[in-house]
Amino acid sequence: MGECYSQLSIEERCEIARLHTKGASIREIAAGLDRPASTVARELKRNGSRAGYRAVYAQEQARARRWSGVRLERDEELRNDVLERLKLGWSPEAVAGRLRRERGKSVISHESIYRFIYAQSARHKDYGWRHYLRQKRWKRGRRRRRHSPASFIAHRRPIAERPASVADRQTFGNWEADVMQFGRAGQTVLALHERHSRVLIGVRQASKAAAPIATAMAGILGPLPPEFRQTVTFDNGTEFAHHYELHAWDIETFFCDTYSPWQKGGVENAIGRMRWVLPRKTDLAAVSDEEFTALMQAYNNTPRKCLDYLTPAEVLLDHVLHFKCESTFPFSRE
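Report follows, based on the coordinates.

Definitions and cut-offs
Residues numbered from 1 in each chain as written. Predicted model: local features only at pLDDT ≥ 70, side-chain atom pairs only at ≥ 80, totals over all residues. Heavy atoms only, no water. Salt bridge = Lys/Arg side-chain N within 4 Å of Asp/Glu carboxyl O. Helix = DSSP H or I, 4+ residues; strand = E, 2+ residues; numbered from the N terminus. Buried < 20%, exposed > 50% of the residue type's maximum accessible area, 1.4 Å probe, protein only. Phe/Tyr/Trp six-rings, centres within 6.5 Å; stacked < 30°, edge-to-face > 60°. Arc of directions from axis to C-beta. Core = buried A, V, L, I, M, F, W, Y, C linked by side-chain atoms within 4.5 Å. Contact = heavy atoms within 4.5 Å. Expected span 1.5 Å × (residues − 1). Pairing = 2+ DSSP bridges.

1. What to know about the pattern of salt bridges
Any two side chains of opposite charge can pair, so long as their charged atoms come close to each other. Following the criterion strictly, the structure yields 19 salt bridges and no others. Two residues, Lys 264 and Asp 235, come together in a salt bridge whose shortest N-O distance is 3.6 Å. Of the two residues, Lys 264 is situated in the loop between β5 (252–255) and α11 (265–274) and Asp 235 in the loop between β4 (231–234) and β5; the sequence distance between them amounts to 29 residues. By relative accessible area, which is 7% here, Asp 235 ends up buried.

In structure tokens:
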């Protein structure tokens, strides 16, 4: 039977670094660790650097080398397919889920895609690989909590009064609203997000003043059939102080609890996704109407895990067709 071999631990690598710095021989280091001399010699050769042997650097090199991204390294066609979809702004989960839906079987996991990207960065010291990920983070971590301003709003109804049927996202026609702001004054985007289909509608605004924001929302939601515009949920920003103007269209309006924007998490997530292509430093005036529309279309044509890897546009189309078949009234007026 062959010998059972275990990888060197970080503690053992620290001891190798300490003894090697003191000038101990390979056999002396091996004896101190109770390891074969060949193991120590191989470790110093493979994981050392020009600056000498450093335990932390050696541990990183060994970890990166140990996982080689087997499937994506071996299958060039799959690798190119995955990277092309990541370039479109899809998340690794969306890529993996869409491939499974298209091919009828599991092709690769989102975790394998994440590990492949980070392994390439570690192995080649090329941190440009992180740009394949929407957040472009060096490593995964928790998001910093954000707080919405608390303010007094006339005719405000708390989210606790919102119908329970809205919470499960099974009913179409319930919206969430927020604004995207940019570094330059006078550049704002009103974002409306439908909870069931995850469809996002974005409209440029000259400011986040309450009156024009309410007028823009009425212009978007008012012409829709009543089934398509039942409720809207806001945070407590003063830009939504004229929310009651939507009541003329029989649209109910509700507000999150103070300091709880996560209660309208759909639009928060949508804005986070759009920041991948429209970061805060963007000069919105330099983005043409055609380009802005294309960005919105790209978002609505990106598969979502929560939709079983259908796209928001596909879910919306299915609902519209179902509505046309079920309704006794025409979808649009003659």
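2. So, the packing of aromatic side chains
On inspection of all chains with the given rule, the structure shows three aromatic pairs. Taken together, a centroid distance of 4.8 Å and an interplanar angle of 35° make the contact between Phe 234 and Phe 240 tilted. We note that Phe 234, like Phe 240, is buried. Here the aromatic rings of Phe 234 and Phe 255 are separated by 5.2 Å at their centres, their planes lie at 35°, and the arrangement is tilted. One end of the pair, Phe 234, is in strand β4; the other, Phe 255, is in strand β5, and 21 residues separate them in sequence. One aromatic cluster is present, built from ring pairs that chain together Phe 234, Phe 240 and Phe 255.

3. Here we look at α11
Of all the residues in α11, the buried ones are Gly 266, Val 267, Ala 270, Ile 271, Arg 273 and Met 274. Down the axis of α11, the smallest arc covering the buried residues is 160°, so these residues share one side.

4. As for the nonpolar core
Ranked by size, the top nonpolar core spans 19 residues in total, and within it Val 82, Leu 83, Leu 86, Val 95, Leu 99, Ile 113 and Ile 117 carry the most contacts. For this core, the secondary-structure elements that each account for two or more residues are α6 (76–87), α7 (92–103) and α8 (110–124). Apart from residues no more than four positions distant in its own chain, Val 95 is found in contact with Val 82, Arg 85, Leu 86, Trp 90 and Ile 113. The next biggest cluster of nonpolar side chains, apart from the first, holds 18 residues, and it includes Leu 190, Ile 213, Met 217 and Phe 255.

5. Structural notes on helix α1 (residues 10–21)
Given 3.6 residues per helical turn, the α-helix brings residues three or four places apart onto the same face. With 12 residues, α1 extends 16 Å from end C-alpha to end C-alpha; this agrees with the ideal 16 Å at 1.5 Å per step. Once α1 finishes, Gly 23 follows within two positions and takes phi at roughly 95°, a positive value.

6. Structural notes on the pairing of strand β3 (residues 200–205)
Pairing analysis gives six bridges linking strand β2 (residues 188–194) to β3, with the strands arranged antiparallel. Each residue of the ladder has a partner; that of Leu 190, found in β3, is Val 203. Linkage of β2 to β3, two consecutive antiparallel strands, is achieved through a turn of five residues, within which Arg 198 is found at a positive phi near 65°.

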